[in-house]
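# Secondary and tertiary structure notes
What follows is the residue order along each chain.
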Amino acid sequence: MVLIGVTGTGKSATGNTLVGGTESKFISSPSRSSVTAECHAVEVERFGRKLVVIDTPGIFDTNVPVVRSKILLMEFTQLASPGVHVFLLVMKIGQKNIADRDQKSFKFMKKLLGEEFRDHTIVVFTGEEILRTVKQDLETYISELPDECRKLVNSCEGGYLAISNTGGIASRERSAKQIIEKANDLVQLNGGFDKYYSNILFDETYEKMNKMMEDTLKQNAKIVEEIKLKQKNKRRIELQFNDGNPSIEQHKLVKIIEKEIEDLRKKLLDRNTVRRKILDKLEEQERKKKVGNASATTAITGTVAVVATAAVVFLFNVMK
């Protein structure tokens, strides 16, 4: 199960409710600034079934660049291997600007995940305690939402429910059981546990990222081979030392090789560095694509203007 939604709706708190226990596995905060920087997965046994819950940063906040969102989406897909069964779209009861924020976010989700993601989505409203305080049921609350927001909720195949992440253990356990039971029903509706969410556009971007990752790791492998050769050369020189004491020339050679090995090691990239490099490259490609499209539009507009001007001149000359 993957928790999605805008920042500040209670995704991480809902994740903690789902996995249970007294220790928080996901860092949560009531503020609107995201405290989740990377996708994070927790695997537990719950109510007789293995459960993998993945928390995500504000991937669908409209101020997040599209390419960066795609990279994070690919990461949670890898964490959810062999695939995503259920998306939990988390919304907060009583949150200001719910219509504006969540509608824009939902459009962004559809753009990145495709229309079919709704077939695998359950809407989870956090803040059930607010409804109890004002003595209002969830159906009435949803009926009073703006049209687009209400359509958003009703379009999700898994339905909706309200939970509280602020009650005692017994209350949170009831909420977790409700979500898991609803998720099981949705999985069965979609064909069982061997069926997963998939999207062609998403898969194409995923393949592109994997190719870039593979190319970078191949470069890493070449560097490692170079390091091994230099280490072998260093050992060969050290074996020639006279009673363990190198000559001036041997000492210089060893120092040069050690410096070369150190420089090569600096070129090796860890996973996070590789991800950042790929992200930068994809974002640059996206920027160039937008600039190219804008230039093409300007050129077309300019051509139309020239043609229109020529036509006016022609008509004027004819009329003379």
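Scroll up for the structure.
Residues numbered from 1 in each chain as written. Predicted model: local features only at pLDDT ≥ 70, side-chain atom pairs only at ≥ 80, totals over all residues. Heavy atoms only, no water.

## Observations concerning helix α9 (residues 248-267)
- Between the first and last C-alpha of α9 there are 29 Å, a value that for 20 residues agrees with the 28 Å anticipated at 1.5 Å per step.
- Every buried residue of α9 is listed here: Gln250, Val254, Ile257, Ile261 and Leu264. End-on view of α9: buried residues confined to an arc of 85°, all on one side of the axis. Of the exposed residues in α9, those oriented more than 90 degrees away from the buried face are Ile248, Lys266 and Lys267. (Helix = DSSP H or I, 4+ residues; strand = E, 2+ residues; numbered from the N terminus. Expected span 1.5 Å × (residues − 1). Buried < 20%, exposed > 50% of the residue type's maximum accessible area, 1.4 Å probe, protein only. Arc of directions from axis to C-beta.)

## Points about the environment of Gly8
- Structurally, the position occupied by Gly8 is in the loop between β1 (2-4) and α1 (11-19).
- Separated by 84 residues in sequence, Gly8 and Lys92 have C-alpha atoms that sit 8.0 Å apart.

## Here we look at the pattern of salt bridges
- If you walk through the whole model with that rule in mind, you get 12 salt bridges.
- For Arg46, the salt bridge goes to Glu173, with nearest N and O atoms at 2.7 Å. Pair noted here: Arg46 is in strand β2 (residues 40-46) and Glu173 is in helix α7 (residues 169-189), with a separation of 127 residues, a long-range link.
- Taking the relative accessible area as the measure of exposure, Arg46 reaches 9% and is therefore buried.
- A relative accessible area of 25% means that Glu173 is categorised as partly exposed.
- Across the pair Lys234 and Glu238 runs a salt bridge, and its minimum N-O distance is 3.9 Å. Of this pair, Lys234 and Glu238 both sit in helix α8 (residues 200-238), four residues apart, which is roughly one turn of the helix. (Salt bridge = Lys/Arg side-chain N within 4 Å of Asp/Glu carboxyl O.)

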